[in-house]
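Observations on the model geometry
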There are 2 protein chains.
Amino acid sequence: MKKRIITISREFGSAGRSIGKEVARRLGIHYYDRDLVTKIVEQTGFNTEFVEENGEFSPTKSGLYYALEPHSTFGGTYGLSTTDMLWQGQRDVILKLAESEPCVIIGRCADYILKDRTDCFHVFIHADMDFRAERIVNLYGERDDSPQKRLKDQDKKRQVHYKHFTGQEWGMAQNYDITLNSGVIGVEKCVDILVDIYQQD
Amino acid sequence: MKKRIITISREFGSAGRSIGKEVARRLGIHYYDRDLVTKIVEQTGFNTEFVEENGEFSPTKSGLYYALEPHSTFGGTYGLSTTDMLWQGQRDVILKLAESEPCVIIGRCADYILKDRTDCFHVFIHADMDFRAERIVNLYGERDDSPQKRLKDQDKKRQVHYKHFTGQEWGMAQNYDITLNSGVIGVEKCVDILVDIYQQD
C-alpha cells in the first residue's frame, strides 16, 4: 500500500525536524510539529508549555495548577494523571490527523500510535554526539550545561517517556521502517531518500 | 571520509544477504559471507560447521572435540572458551579484511569490530514476521517447526551472541548508519539506496 503519512522520531540535535520540514515541503504535504502542539492544546485544555514539555519527555514538573490554563474547561482527573490525560489527548489528535490528510508528523510517539495503519512510513533520525553538539550550539547557543550534557539529558527524557507509554525501546530499528544517521549520510541525502521512498509506487 | 566497506547485519529471512550480494556486485567490490567463513576456518583451525554455528549465534553445542578438525594444529585453550577463541580469530580476520580491500561483510558483529574506522558504513536489515516467514519457506522449505518459531529462535540466538560479545543491543539504530525494513521498502529499493549512498562523495 502506498504510504500517505511519514512519522519522524529523532534524537535531539540530529536535524530530524529540519529533515521532516523539507520532506513535507518537497512532497507538498502538511508538516505537523508546532501545529500539532496547537491541536493538542485545543483538544486537552492543557497549556502550551505543559504540552511541549510533557508530550515527548518524562516529566520534570507535575500538578494540575501548572498544567491547566486559567480558562480551561477541564472537568476532573477521573483517576488519570495529567501526563496520562495528555497522552490520551495527544493520541486522539494523531489518530484523527492520520485519517484526515497525508502529512509529516514529528515526534510524540506517532510511530507507536499509528503502528497498526499500513499507510504510514516510520522514520528515526539519529547522529553522533559531536555532530549534534555542534548543531545545538549553532541553533540554540551556549548554555551553562555542556552541549553533551544537554543532549544526554534530552535523549534520556525522550527514552523514558517512550518506554513508559509504548512499552518499546526508543531507537530500536524494528519499530521503524528506516533509521538514518544524519551526521554520516548528510541532511540533504536523508531528505532525498525519504522523498524517493514516499514517491515510489 | 568516503566509505570503503559496508557491513550488513540482518534478521534471519530479511534478505540481508541477497541485498549485500547485489550491492557488492553493482559496486564491483568483494562480498564476504561464505568466503569469510573459509578465512576464519583457516585462521582458527576450527571446523566449518563450528564456525558457521557459533560465529553469529549463541552456542547450542560446546567442546573442543566438536570444534576442532582431526588435523587441527591447535595447541591449547590458554583459559579461553572455544567460542571466545572463535571470536578472537573472527575479529582478527575482519580487521585484516578491512585493511586490505573495499568490500561488503555480512554479519559476525563486523559493525562492532570495525566501529572505530571512519571508512565503514554500517547497515541493519530487518522485516516483519510475515515477510520473513514466507521468504524462509521459499528459500529453505518447510520444517517440523513453524517458520515463525524458526525466525524467533534464530533472532534470539543472534541477539544473545551480539549482546555477549559487544555489550550492545542487537538492532539498536544508534549502532548503525542506516537500518531498513526490506519488507516495506522492497529489496531492490534497499539495494538502490545503499549503492547510492556508497557512491556519493
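Quick look at the interface of chain A and chain B
With 23 residues of chain A at the contact, the number on the chain B side is 23 residues. Buried surface at the junction of chain A and chain B, both sides included, amounts to about 1,900 Å², of which 55% is carbon and sulfur. Of all residues in chain A, Gln174(A), Asp177(A) and Lys189(A) bury the most surface against chain B, accounting for 24% of the area lost on that side. Linking chain A with chain B are two salt bridges, by the criterion used here. The salt bridge involving Asp196(B) is made with Lys189(A); its shortest N-O contact spans 2.8 Å. At the level of elements, strand E4 (120–126), strand E5 (178–181), helix H9 (182–185) and helix H10 (187–199) of chain A are the ones that each hand at least two residues to the side of chain A that touches chain B. Class assignment of the residues belonging to the side of chain A that touches chain B gives a composition of 12 nonpolar, six polar and five charged. The sheet contact formed by E5(A) and strand E5 (residues 178–181) of chain B spans three bridges and is antiparallel. Counted as the bridge partner of Thr179(A) is Thr179(B) from E5(B).

A short note on the packing of helix H2 (residues 34–44) of chain A against helix H5 (residues 82–100) of chain A
Residue and element names in this part refer to chain A. The interhelical angle for the contact between H2 and H5, taken along N-to-C directions, is 120°, at an axis separation of 9 Å. As the angle between them shows, H2 and H5 are arranged oblique. Judged by the sense of rotation from one axis to the other, the crossing of H2 with H5 is right-handed. When H2 is examined against H5, the residues Leu36, Lys39, Ile40, Gln43 and Thr44 are found in contact with a partner set consisting of Leu86, Gly89, Gln90, Asp92, Val93, Ile94, Lys96 and Leu97. Partitioned by chemical class, the residues of the contact of H2 with H5 number six nonpolar, four polar and three charged.

Re the relation of the copies chain A and chain B
When chain A is brought onto chain B, the operation consists of a screw motion whose angular component is 180° and whose axial shift is 0.0 Å, with 0.0 Å RMSD remaining. With respect to symmetry, the two chain copies, as superposed, fit the operation of a two-fold axis. A share of 100% of the interface residues of chain A reappears at the interface of chain B, consistent with the copies meeting face to face through the same patch.

Points about the packing of aromatic side chains
All names here are of chain A. Under the counting rule described, the total for this entry stands at 11 aromatic pairs over all chains. Each ring, one from Phe124 and one from Trp170, has its centre 5.4 Å from the other, and the planes form 90°; the classification is edge-to-face. Taken together, the residues span a long stretch of sequence, with Phe124 in strand E4 and Trp170 in the loop between helix H8 (147–166) and E5 at a distance of 46 residues. Taken individually, Phe124 and Trp170 each receive the classification buried, so the pair is uniform in this respect. The rings of Trp87, Tyr112 and Phe165 are connected pair by pair, giving a single aromatic cluster.

Notes on the environment of Asp92(B)
As for its position among the elements, Asp92(B) is in helix H5 (residues 82–100). It is 25 Å that separates the C-alpha atoms of Asp92(B) and Ala173(B), two residues lying 81 residues apart in sequence.

Points about the confidence of the model for chain A
A low pLDDT means the predicted coordinates there should not be read in detail. Across chain A, pLDDT averages 88, with 88% of residues at or above 70. Overall fold confidence for the complex sits at a pTM of 0.89, while the interface term, ipTM, reaches 0.88.

Some remarks on the packing of helix H7 (residues 129–140) of chain A against H8(A)
All names here are of chain A. Put simply, H7 and H8 touch, their axes get as near as 9 Å, and they point 100° apart. Judged by the angle between their axes, H7 and H8 are roughly perpendicular. Here H7 contributes Met129, Arg132, Ala133, Ile136, Val137 and Tyr140 to the contact with H8, which in turn contributes Pro147, Gln148, Arg150, Leu151, Lys152 and Asp155. Looking at the contact of H7 with H8 residue by residue, the class counts come to seven nonpolar, one polar and four charged.

What counts and what doesn't
Residues numbered from 1 in each chain as written. Chains lettered and ligands numbered in written order. Predicted model: local features only at pLDDT ≥ 70, side-chain atom pairs only at ≥ 80, totals over all residues. Heavy atoms only, no water. Contact = heavy atoms within 4.5 Å. Buried area = accessible area lost by both parts, 1.4 Å probe. Salt bridge = Lys/Arg side-chain N within 4 Å of Asp/Glu carboxyl O. Helix = DSSP H or I, 4+ residues; strand = E, 2+ residues; numbered from the N terminus. Nonpolar A, V, L, I, M, F, W, Y, C, P; charged D, E, K, R; others polar. Pairing = 2+ DSSP bridges. Axes fitted to C-alpha atoms, helices over the stretch in contact; angles between N-to-C directions. Parallel < 35°, antiparallel > 145°, perpendicular 65-115°, else oblique. Left-handed = near helix turned anticlockwise from the far one by under 90°. Least-squares fit on C-alpha atoms with pLDDT ≥ 70 in both. Phe/Tyr/Trp six-rings, centres within 6.5 Å; stacked < 30°, edge-to-face > 60°. Buried < 20%, exposed > 50% of the residue type's maximum accessible area, 1.4 Å probe, protein only. pLDDT = per-residue confidence, 0-100.

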